[in-house]
Amino acid sequence: MLSHSYVLVVNQQPEDSQVLEQILSHLNCQVKIATSREQALRLVGQTTPYLVILTEDQPQGTQGLVLDLRARGHTTETMTVVALTDICALSWMHQEETPGLDGLLVRPVSPDILSSLVHSACARYGQCSL
């Protein structure tokens, strides 16, 4: 079990949340689900997650959320923020449209890829162990 932090899923797509929760539970990760922007910001303000997964399909509005999450977190330089998207969502491919986003997680989510992402984010955060 991880100590000191958690994975935050900002859930706009319920079906994505279920898949992510199943995979993350097999990895023994503490997971918190935020169903709104306000809830996500409140959770990050209380305890900074080492990994944030945004499940929104469109980049519109995400840029502001990412910047707000980073501003609210206590260790923002080590918090990894990724967006879950479809392979055909070309609008996500321009990094300048989503500053602050560390990368993309593509549907369908592979347990091996998610495991690698969790381990990398945890190592970057430096205050958790798997």
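Our structure is the block above this text.
Keep in mind that what you see is a predicted model, and the values were worked out from it rather than measured.

1. Re the overall build of the protein chain
Moving on, step 1. A tally of helices and strands in the protein chain yields four helices and five strands.
Moving on, step 2. Element order for the protein chain, N to C, with α for helix and β for strand: β-α-β-α-β-α-β-β-α.
Moving on, step 3. Counting only residues that meet the buried cut, the protein chain has 45% of its 130 residues in that class.
Moving on, step 4. A sequence separation of at least 24 residues applies to 69% of the contacts in the protein chain between residues at least 6 apart.
Moving on, step 5. If you sum the accessible surface of the protein chain, you get close to 6,500 Å²; carbon and sulfur atoms cover 52% of it.

2. Structural notes on the environment of Gly100
Moving on, step 1. Position of Gly100 among the secondary structure elements: in the loop between β4 (80-86) and β5 (103-107).
Moving on, step 2. Residue classification places Gly100 among the partly exposed residues on the basis of a relative accessible area of 26%.
Moving on, step 3. The spatial distance from the C-alpha of Gly100 to the C-alpha of Gly64 is 9.5 Å, given a sequence separation of 36 residues.
Moving on, step 4. With residues up to four places along the chain from it excluded, the contact list for Gly100 reads Val66, Arg70 and Val81.

3. Here we look at the packing of aromatic side chains
Moving on, step 1. Taken as a whole and judged by the stated rule, the model has one aromatic pair.
Moving on, step 2. Ring centres 6.3 Å apart and planes at 55 degrees place the aromatic pair Tyr50 and Tyr125 in the tilted group. Residue Tyr50 is located in the loop between α2 (37-46) and β3 (51-54), and its partner Tyr125 is located in helix α4 (residues 111-125); the two are separated by 75 residues in the primary sequence.
Moving on, step 3. Looking at Tyr50, the relative accessible area reads 0%, which means it is buried.
Moving on, step 4. You can call Tyr125 buried: its relative accessible area is 8%.
Moving on, step 5. The residue whose ring lies beneath Lys32 is Tyr6, and the NZ or CZ to ring-centre distance is 4.4 Å.

Cut-offs and rules
- Residues numbered from 1 in each chain as written.
- Predicted model: local features only at pLDDT ≥ 70, side-chain atom pairs only at ≥ 80, totals over all residues.
- Heavy atoms only, no water.
- Helix = DSSP H or I, 4+ residues; strand = E, 2+ residues; numbered from the N terminus.
- Buried < 20%, exposed > 50% of the residue type's maximum accessible area, 1.4 Å probe, protein only.
- Contact = heavy atoms within 4.5 Å.
- Areas by Shrake-Rupley, 256 points an atom, 1.4 Å probe, with all protein chains shown as cover.
- Phe/Tyr/Trp six-rings, centres within 6.5 Å; stacked < 30°, edge-to-face > 60°.
- Lys NZ or Arg CZ within 6 Å of the ring centre and 35° of its normal.

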